[in-house]
Amino acid sequence: MRGAWLIVQKELLEVRRSPVLVLSMLSLPAALVAVPLALVAWLDHTAPPEALFWLSELYGIGRGEHGDLIGVLVAAVAKNWLPLFLVLPIFLPILMAAQSIGGERERRTLEPLLATPVSTAEIILGKSLAAVVPSIGVTWIAALLLCGGLDLLSLGRVATLPLPDSPWLFGCLVLSPLLALFGNALAVVVSSRVLDPRAAQNVAAMTVVPLLGLVVVQLAGRVSLGSRFYLGMALGAALADVLLLLLAVKWFDREALLTRWR
């Protein structure tokens, strides 16, 4: 752990020195929080009366359970925004991990790092912690801001505060760490084979496309993602994490990386 902790400190120092990377990490969470809050506040004041019936029918939300329009709006956002929110713990580690290994090549610091007595497992563990922990932290903070904002908008107009409900708690506390590990391990595997960090980011980021597709289909009212989907997603992510981490250690060949770096 001592070698891994030194790698973590080094990686976090590099992040602080890169305002563009920090801005990239914060822009997506800020949008995922601001857009639904602004949309709910706007629709609450401008939506016609029939919007309550339309939203209830489209997304299967009981009007008696959620009260007036604000309750149905918050329930619709809570149901449909969670899959999109789960893009964060995948995308943020990909952004950091792919830049970490590829950035070492661009900064000409890969050879000194691989020449140190730090083991391959310590390098991968340190780089993984430096990518996963901040990403989970940003995801949790964004989730708190979104849930708190929606609760404030519905305060006094619903019987109980709607968020966080059980799907959001499961998504943030269980799925987010598993997906963050998946995104990080995938970025490490791809970066070990792709020289350009931007190309590695693009290849790894393609994994969020199926999830975005499910979001679009659910927003159209074609499917309803429930507890079985999220449980299956968690099990699949846990299995993928184990396989990708084993593959990352196997493919992180110090000699090959040094040869290709030159």
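Residues numbered from 1 in each chain as written. Predicted model: local features only at pLDDT ≥ 70, side-chain atom pairs only at ≥ 80, totals over all residues. Heavy atoms only, no water.

Participant: Which residues make up the overall build of the protein chain, and what are the values?
Facilitator: Across its full length, the protein chain carries 13 helices and zero strands. Order of helices (α) and strands (β) in the protein chain, N terminus to C terminus: α-α-α-α-α-α-α-α-α-α-α-α-α. Of the contacts formed within the protein chain by residues at least 6 apart in sequence, a portion of 82% connects residues at least 24 apart. Of the roughly 13,000 Å² of accessible surface on the protein chain, a fraction of 71% belongs to carbon and sulfur atoms. (Helix = DSSP H or I, 4+ residues; strand = E, 2+ residues; numbered from the N terminus. Contact = heavy atoms within 4.5 Å. Areas by Shrake-Rupley, 256 points an atom, 1.4 Å probe, with all protein chains shown as cover.)

Participant: So what about the environment of Thr 120? Which residues, and what values?
Facilitator: Here Thr 120 shows up in helix α8 (residues 120-154). Each C-alpha atom of the pair Thr 120 and Val 249 lies 7.1 Å from the other, and the pair is 129 residues apart in sequence.

Participant: Explain the nonpolar core residue by residue, including any values.
Facilitator: In terms of nonpolar packing, the biggest core is built from 59 residues, with Trp 81, Phe 85, Leu 86 and Trp 168 touching the most fellow members. Of all the secondary structure elements, the ones that give two or more residues to this core are α2 (19-46), α5 (69-85), α6 (88-106), α8, α9 (166-193), α11 (209-219) and α12 (227-251). Per-element tally for this core: the top contributor is α9, with twelve residues. Apart from residues no more than four positions distant in its own chain, Phe 85 is found in contact with Leu 32, Thr 139, Ala 142, Ala 143, Leu 146 and Trp 168. (Core = buried A, V, L, I, M, F, W, Y, C linked by side-chain atoms within 4.5 Å. Buried < 20%, exposed > 50% of the residue type's maximum accessible area, 1.4 Å probe, protein only.)

Participant: How would you summarise the packing of α2 against α5 if you had to cite specific residues and measurements?
Facilitator: Viewed as axis vectors pointing N to C, α2 and α5 meet at an angle of 160°, and their least axial separation amounts to 10 Å. It follows from the interaxial angle that α2 and α5 lie roughly antiparallel. Crossing hand, α2 versus α5: right-handed. Where α2 approaches α5, its residues Leu 32, Val 35, Pro 36, Val 40, Leu 43 and Asp 44 are matched on the opposing element by Leu 69, Ile 70, Leu 73, Val 74, Val 77, Trp 81, Leu 84 and Phe 85. Taken together, the residues of the contact of α2 with α5 sort by class into 13 nonpolar, no polar and one charged. (Axes fitted to C-alpha atoms, helices over the stretch in contact; angles between N-to-C directions. Parallel < 35°, antiparallel > 145°, perpendicular 65-115°, else oblique. Left-handed = near helix turned anticlockwise from the far one by under 90°. Nonpolar A, V, L, I, M, F, W, Y, C, P; charged D, E, K, R; others polar.)

Participant: How would you explain the packing of aromatic side chains if you had to name every residue and give the values?
Facilitator: Using the criterion set out here, one finds two aromatic pairs in the structure. Aromatic side chains Phe 229 and Tyr 230 sit 5.3 Å apart centroid to centroid with 75° between the ring planes, which places their arrangement in the edge-to-face category. (Phe/Tyr/Trp six-rings, centres within 6.5 Å; stacked < 30°, edge-to-face > 60°.)

Participant: Help me get a handle on the side chain of Ser 154, residues and values and all.
Facilitator: Residue placement: Ser 154 occurs in helix α8. Setting aside residues no more than four positions away along its own chain, Ser 154 makes contact with Ile 70, Val 74 and Pro 162.

Participant: Mind laying out a nonpolar patch on the surface, listing which residues take part and the relevant values?
Facilitator: Together, Met 1, Leu 125, Leu 129 and Val 133 make up an exposed nonpolar region whose accessible area comes to about 370 Å². Here Leu 129 shows up in helix α8. (Patch = residues over 30% accessible without salt bridge, like charges linked within 9 Å, V, L, I, M, F, W, Y side chains within 5 Å. Salt bridge = Lys/Arg side-chain N within 4 Å of Asp/Glu carboxyl O.)

Participant: Requested: an account of the packing of α5 against α8, with residues and values cited.
Facilitator: Viewed as axis vectors pointing N to C, α5 and α8 meet at an angle of 170°, and their least axial separation amounts to 10 Å. Between α5 and α8, the angle is such that the two are roughly antiparallel. When α5 is examined against α8, the residues Ile 70, Val 74, Val 77, Trp 81 and Phe 85 are found in contact with a partner set consisting of Thr 139, Ala 142, Ala 143, Leu 146, Leu 150, Leu 153 and Ser 154. Of the residues contributing to the contact of α5 with α8, the split by class is ten nonpolar, two polar and no charged.

Participant: Report on the state of the cysteines, specifying residues and quantitative values.
Facilitator: What the rule picks out here adds up to zero disulfides. No disulfide involves Cys 147; its sulfur sits 6.2 Å from that of Cys 172, the nearest cysteine. Overall, Cys 147 belongs to the buried group, its relative accessible area being 8%. By relative accessible area, which is 10% here, Cys 172 ends up buried. (Disulfide = S-S within 2.5 Å.)

Participant: Give a description of unusual backbone geometry that names residues and reports values.
Facilitator: Here the amide bond leading from Leu 163 into Pro 164 is cis, since omega sits at 0°, within 30 degrees of zero. Along the polypeptide, Pro 164 turns up in the loop between α8 and α9.

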